[in-house]
Amino acid sequence: MFAEIINGVGSVCFALLAGMGLLALYKLNARQIRKHQNSMEFYLFKISRVTGQSEYDVFCKSAEDWPVASVPKTKIDADFKDYLNRAVVPPYVNHFVRENKHHIDELHLPRF
């Protein structure tokens, strides 16, 4: 009888600790998201999540809208590879995000 009570209390304590741990992870994740919300990587991630397109597609769309000169596909591919390897964002993508930043800020990022 006493052992069953101890096991029950142990189960409740474990459930409470697990719940507290999950809550702490959720708050940490939310804090990290808020911390990086203004980074170019976050904006590219948000655009791709909301539109259902890949970040590569965002690069291609940015190149289409680039007012300075046309960007060849080989340059887009090289720039995207550079972005993946070293997080270097080319000027045409920076321009696209800056021009659309106020619209992107209004978009709701889906949880899943």
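What comes next concerns the included structure. (Residues numbered from 1 in each chain as written. Predicted model: local features only at pLDDT ≥ 70, side-chain atom pairs only at ≥ 80, totals over all residues. Heavy atoms only, no water.)

Moving on: the side chain of S62. Along the polypeptide, S62 turns up in helix α3 (residues 55-65). Of the polar contacts made by the side chain of S62, one reaches the backbone oxygen of V58; its length is 2.8 Å. If near-sequence neighbours (up to four positions away) are discounted, S62 is found in contact with Y92, V93 and F96. (Helix = DSSP H or I, 4+ residues; strand = E, 2+ residues; numbered from the N terminus. Polar contact = N/O pair within 3.5 Å; in protein donor to acceptor, adjacent residues only side chain to side chain. Contact = heavy atoms within 4.5 Å.)

Turning to the packing of α3 against helix α5 (residues 91-106), a few remarks are in order. Contact pair α3 / α5: the axes reach a minimum separation of 8 Å and the direction vectors enclose 85°. Judged by the angle between their axes, α3 and α5 are roughly perpendicular. Across the interface between the two elements, V58, F59, K61, S62, A63 and D65 of α3 pack against Y92, V93 and F96 of α5. Of the residues belonging to the contact of α3 with α5, the class tally is six nonpolar, one polar and two charged. (Axes fitted to C-alpha atoms, helices over the stretch in contact; angles between N-to-C directions. Parallel < 35°, antiparallel > 145°, perpendicular 65-115°, else oblique. Nonpolar A, V, L, I, M, F, W, Y, C, P; charged D, E, K, R; others polar.)

Attention now goes to the pattern of salt bridges. Within this structure, the stated rule accounts for five salt bridges. Salt-bridge contacts for K61 lead to E64; the nearest nitrogen and oxygen are separated by 4.0 Å. Here K61 and its partner E64 are both found in helix α3, three residues apart, which amounts to about one turn of the helix. Where R86 meets D82, a salt bridge forms, and the shortest distance between an N and an O atom there is 2.7 Å. Residue R86 and its partner D82 are located together in helix α4 (residues 73-86), separated by four residues, close to a single helical turn. Residue classification places R86 among the exposed positions, given a relative accessible area of 56%. (Salt bridge = Lys/Arg side-chain N within 4 Å of Asp/Glu carboxyl O. Buried < 20%, exposed > 50% of the residue type's maximum accessible area, 1.4 Å probe, protein only.)

Across all of its chains, the model carries eight aromatic pairs by this definition. With 6.4 Å between their ring centres and 75° between their planes, F42 and Y43 make a pair best called edge-to-face. By relative accessible area, which is 11% here, F42 ends up buried. Its relative accessible area of 3% is what places Y43 among the buried residues. Taking 6.1 Å as the distance between ring centres and 35° as the angle between the ring planes, the aromatic pair formed by F80 and Y83 counts as tilted. Placement of both F80 and Y83 in helix α4 is noted, with a separation of three residues, approximately one turn of the helix. Each member of the pair, F80 together with Y83, is buried. One aromatic cluster is present, built from ring pairs that chain together Y56, F59, W66, F80, Y83 and Y92. (Phe/Tyr/Trp six-rings, centres within 6.5 Å; stacked < 30°, edge-to-face > 60°.)

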